[in-house]
Amino acid sequence: MSETSGQPDGRDPLGRDTIPKFFAYNAQHRRDRPAMREKDLGIWQTWTWGEVDGRVRDLAGGLAALGLRRGDKVAIIGDNRPELYWTMAAAQALGGIPVPVYQDSVAEEIQYVIEHAEARFAVVENQEQVDKLLSIRDRLPMLETIAYGDPRGLRHYDQPFLRNLADVFKAGTAHNQANPGFVDAEIAKGNGSDLAIICYTSGTTGRPKGVMLSHDNVVRSANLAVSFDKLNETDQVLAYLPMAWVGDNFLSYVEGAVTGFCMNCPESADTVLTDLREVGPTYFFAPPRIWENLLTTVMIRMEDASGIKRRMFHYFIALARRAGRNILEGKPVAFTDRMLYALGEILVYGPLKNVLGLSRLRLAYTAGEAIGPDIFDFFRALGINLKQLYGQTECTVYLCMHTDTDVIPDTVGPPAPGVELKIDEKTGEVLFRSPGVFVGYYKNDTATAETKTPDGWVHTGDAGVFTDNGHLRIIDRAKDVGRLTDGALFAPKYVENKLKFFPHIKEAVAFGDGRDHVAAFINIDLAAVGSWAERNGIAYTSYADLAGRPEVYALLRGCIEQVNRDLSSDSSMTASQIKRFLVLHKELDADDGELTRTRKVRRSTIAERYGTLIEALYSGQPSIAVEAKITFEDGRTGTFKANLKIDEATTYSTMRKAG
Amino acid sequence: MSSVTEKKIGDVLLKVENISLSFGGVKALTDISFEIREHEVLAIIGPNGAGKSSMLNCINGFYHPQQGTITYRGEKRKQMRPHQAAKQGIARTFQNIALFKGMSTLDNIMTGRLLKMKAGLFSSAFYKGPAEREQIEHREFCERIIDFLEIQAIRKVPVGRLPYGLQKRVELARALAAEPTLLLLDEPMAGMNLEEKQDMCRFILDVNDEFGTTICLIEHDMGVVMDISDRVVVLDYGRKIGDGVPAEVKNNQAVIDAYLGVQH
């Protein structure tokens, strides 16, 4: 679409500088095109841009009637539901600021965000969230109204500040009839420098920080990204990642408003893969673990397929790995391979993509964590245009993106249009400048000043290097890069990622800073190891039991030794080979504070909680007794006792220079 | 929740009077009387072999007590078969799951609609027209239950492949599909882990609250029983030894003896 092609700085050629102005534009020019879908009672329901506009205006009227004023914050908590996206749009139309909160946060985490953001309103999905809010309500005096979308189970709640969203809609219709032109006037009052959203970053250390993004930030970044990837109104996305994460907000909601494409909300969190298949998105974002899951599912299912199918699958996948990427990138390929690939498309690749829901996929991204080169290549070999993206909340999602024809698995691509990057020579930290640079951290000027330099550069906190062809490669968090006692560089994440590329390993934590060798905690992947155990006739009773089986230790030792071999071939990393390891008796969990909500390892918490285990790794003892405190989903706690084995892995010497 | 308003418990829905049931020389139930009132959650508890399941089977019309009467909605019941009881609005789940293992979750729930289906063999075979309309209505009803019990993700999965906790939930869904007035649950939480139990408790309370369904359940987990039931009936060796609100029953000496054992 020409109107979205934009200008080099991402400013809108039609002068639309806020999200509500795009909604209004879509309601006029794309009145009958689908804007949102949600699966309800097993059937996909569609709202056109015209209908969405009507709902958003009603809701805006309703919120205004409840007293929402310009600058007020609205906390939004729940799964991806159209009415929550409408709430976001309605708040923005009135000059309010949506503050989405992770829906699986426990009450105390929600309390912190609402308190810090001083939200007067909370719009939530259902009883689960209402109950959480009621449990902390007496500590949140500024919270005036809680509105809920799904009334189930809430009939007997008679608190005066609780409201059914359906009633808010009704009140809004009445309000807008009494005040014609009100919503339009409010939309017209908005301008690009107003805040569009405050996203609380999960933060690997300390309290979450509220990243303030302006309408200019999101609109300009979206315009640039949309023209970079040539997105248009016929695209389809699946909005399934947490609404509180800036990525979902940007990729589904903002880009949807800017291009007029349709976002599809899954039926429930458990049905995402089925919904993916039914929707068949053309533009899809998924963190590495989803791609990994897809691949694992395919591989496990193929093990159970008939002999002919299995042979056919393996033959054509091998062919695809050889020729697929070159065909996708338009590079020269031998004629016979090209013919065979076409046959494979009919027999294997096409049907496989169809089963996964990726048939219509034109553009796919992965980001957040490093993706295994094997996994990455697998999807590209199938002809899926999977690319890496690198960014963070503070830059409005992206800094680097692969172009369609220049993709390298272990880089995140060259700087994206409009983005300037540089690497700090002393610390190796990546710094950026772009139209997406955030306004600041809400009520935290110290942190803002630490992150933003006076001349407009922003610290990412990530250590990276530029490769010869101008791509950026991220190695670790800048602060996590440490040194072994012999002075060798140790980037824990680099080692952990290599471990996590094995399907049997779900999570790994490597230690080595200030030590004489590297040691690691391993978390098994219950699905993969469970299926492996089943195939090998190994009986087990529970997660902890399986994790402690000697056979599982042997399996993992094999994985670690392969990583060691791999590390030994790289002279700068050979010292990072893992000497000793143990398999944890429980999964690292965000509820226990061991991972962030986006599943990043919290090193300080782990060092504190598992201090004795870490010491045991370095003391040379063969096993260690643990007594762990665990938090159940309902917030209760219990203790768990076990004896963990500590195993050793072979390390390999390199032909590095003596000394 | 502190400010939740009290629900209204109505009139007597089902009255059991002086029921005795024996199999040959074995007396399963001896002279048992109690009432189930509208909208309440009634728990029947007791040690193993106390006659709890037999009691449900009598209410359900599967066993025919030799003595005593069952009055349902003010009408004295004659000997009846389970499907007649089902027609009157009594649905149940089983202690050992009794689903069609090879059929999908959705199809299993649809079987719960069987008694509500009117289309005959002929019109069903042609499908178009009334049979199709009926099918759509029933499917919609089942989808509401699927939504209610949050089992969307397993809609098309054969139940034999589901874990135990989910199978129990599917069984509850099938019972709900019959739009029961009285729902009998035979150990709905047996063999579940803590999280599954909590989910199930929430569903039972939601069913009771949202649909106004009267619920009579057998359960061994005392924590659960004390939490969710309005009234508790205690059986021991086929006799009723307690009947009242949870707090009363908890302090009843006969009940304590039955559970903890007593020196004779």
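Residues numbered from 1 in each chain as written. Chains lettered and ligands numbered in written order. Predicted model: local features only at pLDDT ≥ 70, side-chain atom pairs only at ≥ 80, totals over all residues. Heavy atoms only, no water.

1. Structural notes on the packing of aromatic side chains
Residue and element names in this part refer to chain A. Within the structure shown, the criterion is met by 22 aromatic pairs over all chains. Aromatic side chains F23 and Y253 sit 5.7 Å apart centroid to centroid with 40 degrees between the ring planes, which places their arrangement in the tilted category. Within this pair, whereas F23 is found in helix α1 (residues 19-29), its partner Y253 is found in helix α9 (residues 246-259), the two being separated by 230 residues in sequence. Each member of the pair, F23 as well as Y253, carries the same accessibility label: buried. Site record: aromatic cluster; members linked through ring pairs are Y240, F284, W291, F378 and F379. (Phe/Tyr/Trp six-rings, centres within 6.5 Å; stacked < 30°, edge-to-face > 60°. Helix = DSSP H or I, 4+ residues; strand = E, 2+ residues; numbered from the N terminus. Buried < 20%, exposed > 50% of the residue type's maximum accessible area, 1.4 Å probe, protein only.)

2. Side note on the packing of α1 of chain A against helix α2 (residues 49-65) of chain A
When two helices pack together, their arrangement is given by the angle between their axes and by how far apart the axes lie. Residue and element names in this part refer to chain A. Contact geometry of α1 with α2 gives a least axis separation of 8 Å together with a crossing angle of 135 degrees. Put simply, α1 runs oblique to α2. Considering the relative orientation of α1 and α2, their crossing is left-handed. Along its contact with α1, which presents F23, A24, N26 and A27, the element α2 presents W49, V52, D53, V56 and R57. (Axes fitted to C-alpha atoms, helices over the stretch in contact; angles between N-to-C directions. Parallel < 35°, antiparallel > 145°, perpendicular 65-115°, else oblique. Left-handed = near helix turned anticlockwise from the far one by under 90°. Contact = heavy atoms within 4.5 Å.)

3. Observations regarding the interface of chain A and chain B
Chain A puts 19 residues into the contact, and the matching count from chain B is 21 residues. Across the chain A to chain B interface the summed buried area is about 1,800 Å²; carbon plus sulfur atoms make up 45%. Its largest share of buried area at the contact with chain B, chain A owes to L41, R152 and H156 of chain A, together 40% of the area lost on that side. Our enumeration of links across chain A and chain B arrives at four salt bridges. Residue E150 of chain B is joined to R152 of chain A by a salt bridge in which the shortest nitrogen-to-oxygen separation is 3.7 Å. (Buried area = accessible area lost by both parts, 1.4 Å probe. Salt bridge = Lys/Arg side-chain N within 4 Å of Asp/Glu carboxyl O.)

4. Digging into the pairing of strand β16 (residues 420-423) of chain A
Residue and element names in this part refer to chain A. Bridge analysis of β16 against strand β17 (residues 429-433) gives four bridges, and the strand direction is antiparallel. Opposite E420, over in β17, you have R433 as the bridge partner. Turn length for the β16-β17 hairpin, with the two strands adjacent in sequence and antiparallel, is five residues, and the turn residue G428 shows positive phi of about 75 degrees. (Pairing = 2+ DSSP bridges.)

5. As for the sheet that holds strand β9 (residues 231-236) of chain B
Residues and elements named next belong to chain B. A sheet is described by the order of its strands in space; here six strands give the open sequence β6-β7-β8-β3-β9-β10, paired in mixed fashion. Looking at which strands have only one partner, the edges of the open sheet turn out to be β6 (90-93) and β10 (239-244). For this sheet, the mean angle separating the axes of adjacent strands, direction not counted, is 15 degrees. Here five bridges tie strand β7 (residues 182-186) to strand β8 (residues 214-218), and the two strands are oriented parallel to one another. Residue pairing for β8: D186 is matched across the bridge by I218. Helix α7 (residues 194-210) contacts β3 (41-45), β7 and β8 of the sheet and is inclined by roughly 155 degrees relative to β8.

6. Some points on the nonpolar core
Residues and elements named next belong to chain A. Ranked by internal contacts, the top residues of the largest apolar core, which has 121 residues, are F23, Y253, W291, Y349, L358, F379 and Y398. With eight residues, the top contributor of residues to this core is helix α3 (residues 82-93). In this structure, L358 is in contact with L276, W291, L294, K353, F379 and I384, ignoring residues within four places of it in sequence. (Core = buried A, V, L, I, M, F, W, Y, C linked by side-chain atoms within 4.5 Å.)

7. Things to note about the pattern of salt bridges
Any two side chains of opposite charge can pair, so long as their charged atoms come close to each other. All names here are of chain A. All told, the structure shown has 61 salt bridges over all chains when counted by the stated rule. A salt bridge links K39 to E267, with the nearest nitrogen and oxygen atoms 3.9 Å apart. Note that K39 is positioned in strand β1 (residues 34-40) and E267 in the loop between β11 (262-265) and α10 (272-279), a separation of 228 residues in sequence. Given the relative accessible area of 6%, E267 is considered buried.

8. Focus: the domain arrangement of chain B
Think of interface size as the accessible area that goes away when the parts come together; that is how it is often given. Residues and elements named next belong to chain B. Segmentation of chain B into domains returns domain 1 (1-89 + 180-264) and domain 2 (103-177). Put simply, the middle of domain 1 and the middle of domain 2, counted by C-alpha atoms, are 27 Å apart. At the interface, 21 residues of domain 1 touch 11 residues of domain 2. At the junction of domain 1 with domain 2, the criterion picks out two salt bridges. With its nearest N and O atoms 3.6 Å apart, the salt bridge here joins D199 to R169. Linking domain 1 to domain 2 there are two residue pairs in polar contact (both at pLDDT 80 or more). Within the residue set of the side of domain 1 that touches domain 2, elements represented by two or more residues are α2 (82-87), β7 and α7. Top element by residues in the side of domain 1 that touches domain 2 is α7. It accounts for eight residues. Here the side of domain 1 that touches domain 2 is built from residues that sort into 11 nonpolar, two polar and eight charged. (Domains from an automatic or database assignment. Polar contact = N/O pair within 3.5 Å; in protein donor to acceptor, adjacent residues only side chain to side chain. Nonpolar A, V, L, I, M, F, W, Y, C, P; charged D, E, K, R; others polar.)

9. So, the domain arrangement of chain A
All names here are of chain A. Each domain of chain A was delimited in the assignment, giving domain 1 (2-285) and domain 2 (482-648). Facing nine residues of domain 1, the contacting portion of domain 2 comprises seven residues. Run the count over domain 1 and domain 2 and you get zero salt bridges. In this structure, the connection of domain 1 to domain 2 is made through zero residue pairs in polar contact (both at pLDDT 80 or more). Among the residues making up the side of domain 1 that touches domain 2, the classes are represented as three nonpolar, four polar and two charged.

10. What to know about the packing of α3 of chain A against α9 of chain A
Residues and elements named next belong to chain A. Two elements in contact, α3 and α9, have axes separated by 12 Å at closest approach and are oriented at 85 degrees. Taken together, α3 and α9 sit at an angle that is classed as roughly perpendicular. Contacts between α3 and α9 involve Y85, M88, A89 and Q92 on the former and, on the latter, D248, N249 and Y253. Of the residues assigned to the contact of α3 with α9, the class counts are four nonpolar, two polar and one charged.

11. Describing the sheet that holds β1 of chain A
By definition, the strands of a sheet pair up through backbone hydrogen bonds, in either a parallel or an antiparallel sense. All names here are of chain A. The four strands are arranged β2-β1-β11-β10 in an open sheet whose pairing can be described as mixed. Edge strands, defined here as strands with exactly one partner in the open sheet, are β2 (43-48) and β10 (236-238). Strand-to-strand twist in this sheet, taken as the mean axis angle between neighbours without regard to direction, amounts to 20 degrees. Strand direction decides the pairing type here: β1 and β2, joined by six bridges, are antiparallel. In the sheet register, P34 faces β2, and the bridge partner there is T48. Across the face of the sheet, α2 comes into contact with β1 and β2 while running at roughly 80 degrees to β2. This element, α10, spans β1, β2, β10 and β11 of the sheet and lies at about 175 degrees to β10.

12. Looking at unusual backbone geometry
Residue L41 of chain A is not a glycine yet carries a positive backbone phi of 50 degrees. Note that L41 of chain A resides in the loop between β1 and β2. Classification of L41 of chain A as buried rests on a relative accessible area of 17%. Its identity is not glycine, yet E179 of chain B carries a phi of approximately 50 degrees, on the positive side. One can find E179 of chain B in the loop between α6 (164-177) and β7. For E179 of chain B, a relative accessible area of 39% gives the class partly exposed.

13. Structural notes on helix α12 (residues 307-328) of chain A
Residues and elements named next belong to chain A. Helix length check: α12 (22 residues) gives 29 Å between terminal C-alpha atoms against 32 Å at 1.5 Å per residue, within 8%. Of all the bends in α12, the greatest, near 45 degrees, is centred on R321. Taken together, the buried positions of α12 are occupied by F313, F316, I317, L319, A320, A323, G324 and R325. Elements that come into contact with the buried residues of α12 comprise α11 (288-303), α13 (335-356) and α14 (373-381). In the segment just after α12, G330 is the residue with positive phi, at about 70 degrees. (Expected span 1.5 Å × (residues − 1). Bend = angle between axes of the 7 residues up to and from the residue.)

14. A short note on α2 of chain A
Along an α-helix, residues three or four positions apart point the same way, because every turn accommodates 3.6 residues. Residue and element names in this part refer to chain A. End to end, α2 covers 24 Å across 17 residues, agreeing with the expected 24 Å (1.5 Å per residue, within 8%). Where burial is concerned, most of α2 is hidden: 13 out of the 17 residues are buried. Of the residues trailing α2, G67 is marked for its positive phi of about 105 degrees.

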